[in-house]
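The residues making up each chain are set out below.
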Amino acid sequence: MINFARRSDCHITGSMDNKMLTLLILLNALATCLSFPQRCTQEEAAIGRCRTPAEEGPQCIEMVLGYCQDVPYTHTTFPNIVGHRTRQDLEMGAEYLLLSVIHGLMKGECSPDIRILGCSVLAPRCENGRLMKPCRSSCEMLKKSCIHAFEAIQMAWPYFLDCDRFFVGSEEGCYDPLSELREKQEVALANISDGGLSTVIQFTYHSNSQMFSILKKTASKCSHISQTYSIGRSVEGKDLLVIEFSNNPGQHDLLEPEIKLIGNMHGNEVLGRQLLIYLAQYLCSEYLLGNERIQTIINTTRIHILASMNPDGYEIAASEGHEYNGWTSGRANAQNLDLNRNFPDLTSIFYNRRRFRHFRSDHIPIPDSYWMNKVVAPETYAIMKWIRTYPFVISASLHGGELVISYPFDFSRHPQEDRMYSPTPDEQIFRQLARTYADAHATMSNNDTERCGASFANKGGITNGALWYSFAGGMSDFNYLHSNCYEITVELGCDKFPSEEELYPEWRRNKEALLSFMESVHKGIKGIVKDEHGNGIKGAIISVKGLRHDITTAEDGDYWRLMNPGVHIVTASASGYSKQSKRINLPRNTQVGRVDFVLKKVPREPSLDYFNIPELDNYERFDPFNQFEQYSQRELGEDGEERTEKPWWWGYFSQLGMSAPTWLLRNY
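The rules behind these values
- Residues numbered from 1 in each chain as written.
- Predicted model: local features only at pLDDT ≥ 70, side-chain atom pairs only at ≥ 80, totals over all residues.
- Heavy atoms only, no water.
- Helix = DSSP H or I, 4+ residues; strand = E, 2+ residues; numbered from the N terminus.
- Buried < 20%, exposed > 50% of the residue type's maximum accessible area, 1.4 Å probe, protein only.
- Contact = heavy atoms within 4.5 Å.
- Areas by Shrake-Rupley, 256 points an atom, 1.4 Å probe, with all protein chains shown as cover.
- Pairing = 2+ DSSP bridges.
- Axes fitted to C-alpha atoms, helices over the stretch in contact; angles between N-to-C directions.
- Expected span 1.5 Å × (residues − 1).
- Parallel < 35°, antiparallel > 145°, perpendicular 65-115°, else oblique.
- Left-handed = near helix turned anticlockwise from the far one by under 90°.
- Nonpolar A, V, L, I, M, F, W, Y, C, P; charged D, E, K, R; others polar.

An unreviewed UniProt entry annotates the protein chain as Carboxypeptidase Z isoform X2 originating from Danio rerio.

(A) Fine view of the overall build of the protein chain. A tally of helices and strands in the protein chain yields 23 helices and 22 strands. Counting every position in the protein chain, which comprises 668 residues, the buried fraction comes to 52%. Across the protein chain, the fraction of contacts at a sequence separation of at least 24, relative to all contacts at a separation of at least 6, is 73%. Counting every atom, the protein chain has about 31,700 Å² of accessible surface; 48% of that belongs to carbon and sulfur.

(B) Molecular detail of the sheet that holds strand S11 (residues 392-399). With respect to topology, eight strands assemble into an open sheet ordered S7-S8-S10-S9-S11-S14-S12-S13, the strand pairing being mixed. Only two strands of the sheet have a single partner each, and these edge strands are strand S7 (226-233) and strand S13 (462-464). Strand-to-strand twist in this sheet, taken as the mean axis angle between neighbours without regard to direction, amounts to 20 degrees.

(C) Expanded view of helix H5 (residues 94-105). For H5, built from 12 residues, the straight-helix expectation of 16 Å at 1.5 Å per residue is missed by more than 12%, its first-to-last C-alpha distance being only 14 Å. The buried fraction of H5 amounts to nine of the 12 residues, a majority that puts the element mostly inside the structure. Ala94, Glu95, Tyr96, Leu97, Leu98, Leu99, Val101, Ile102 and Leu105 are the residues of H5 that are buried. In the core, the buried residues of H5 are packed alongside helix H4 (87-91), helix H6 (113-122), helix H7 (136-152) and helix H23 (651-654).

(D) Seen up close, the packing of H7 against helix H10 (residues 208-221). Taken N-terminus to C-terminus, the directions of H7 and H10 make an angle of 155 degrees; their axes are 8 Å apart at the nearest point. Here H10 runs roughly antiparallel to H7, going by the angle between their axes. Taken as a pair, H7 and H10 cross one another with a handedness that is right-handed. Between H7 and H10, the contacting residues are Lys144, Ser145, Ile147, His148, Ala149, Glu151 and Ala152 on the first element and Ser213, Lys216, Lys217 and Ser220 on the second. For the contact of H7 with H10, the class distribution of residues is three nonpolar, four polar and four charged.

In structure tokens form, the structure reads like this:
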């Protein structure tokens, strides 16, 4: 008779001959150890005693998970770091399902990096009976580079990739699960580089989601000089995503000028959109590679790039493709509005005010009639608010359909004349800005360059907008008359939707022009207007004798005034302060001159001619009827919390009968 004790003791009692007893002891030990995740040495088995998992540590088993076969180790263990007790538990969980579909969800972005990092937690490395945790630094680096990809599909960063919770520091003996992958990627990158091209850019078209992903990835790669932010949403809810470059991203630095570049205002004019995506990648990579010119531009200038102002229209144009896209398919937004006719017509107000002795041609308020009588596109609203928020100095809007630079005014000074030369007071400044881009472009200013119907060759590739053709409600006129910003329109070529084979040649034609245009903001004068106590004066007026267009100081009293070389008389004034004028000589070889003003506080009576101009005092009136409040308010549920629809990828997880992975929802 053999009596078996409790299995937890791994002990056998009974009487029989030594050989049979030894055999039964071995069989009993084997059965016991198979029942529990523990291992027994031969000596332990001989005495009938096995160590528990807590006493010995994890049991290393061969890696057999299909989606973790390319990890840099061959054995894993269970329970894993997050608590799955067996391989079967893991394979039935949402965590492993996410790893299996992540490549498709993100269209290959951050793949296989995310999957391998996830495997290092869900199927951790096991060596010599020891579980090895991945390094926290590996997790933090990947999160920094890839968080944008999750944001692009409205997905939260997975809980099992919590860098503080499931990863450890080097002092705890961690390992880098991505080291082998990075080595392979570096070899692959070296193989596709020709040795002279230091920045690798894929010259292909990008969908809206791919564009968002690339811009956010670029900002993550260069987070010390870049960030992304949204200025609003399109009619169909797509982000109007801006990428910013500055040595202090997110902040306005005193005396640092700000510029903006806008593409894809017309959805079917797609080349500008692609060039700005490439420009963002180029600025980031070249800055990191030590390109002194790029570093100087970014360290002295705050650059804002909106690659697509009309993402809804782009989708219509892209659905047809470059071979079948018509001249107008996708031009308008989803409301069928031409965005470059949707801005307030301030040019007519300017023409009507010229009879006033002290009329202002700057910071003309938006009339209430615009909000009451016009359907204002959300894209237009976002741009207007953007212009009012940042102290932009210059701007370029990239279009297609011709090869020319046009500049304000775009609306003819005679309403019956469709093509009439209609200069602004800053005609010479605008001509110089236009010349800067056209002359730096590979072919735009050449007399022998093929044009698209109009003849601009004898003009050096630039034209006054109204002289080309007149239209009201344009964005460039609005910039000039409502703010300090000087905007030109860049027509990039005859083909609005060129083939992918043309993207790289077009980048080469325009790269130098884009860089030269950005550098041109450092022309003229800049300075600070302060009171006697050294405080900056916001909204002070900077006037130049002979130019009937003023600019105003920014929040901290700093200003930038584009100006051609020569002798000028510059005056600073502000309500409640004395005027101060200075005579300056701006040499031709000077990049930018510094001219500061200190104004004394004195009682000042307003000029009747100046302040009796209709609507001059309501510049701060913006969206007075709250038409766009709906775009800023979020729908709330009965409990007062924000009600959000489930994202499109939720169906991957909700239809398989598993516990819903609410940890993937960003607002849960």
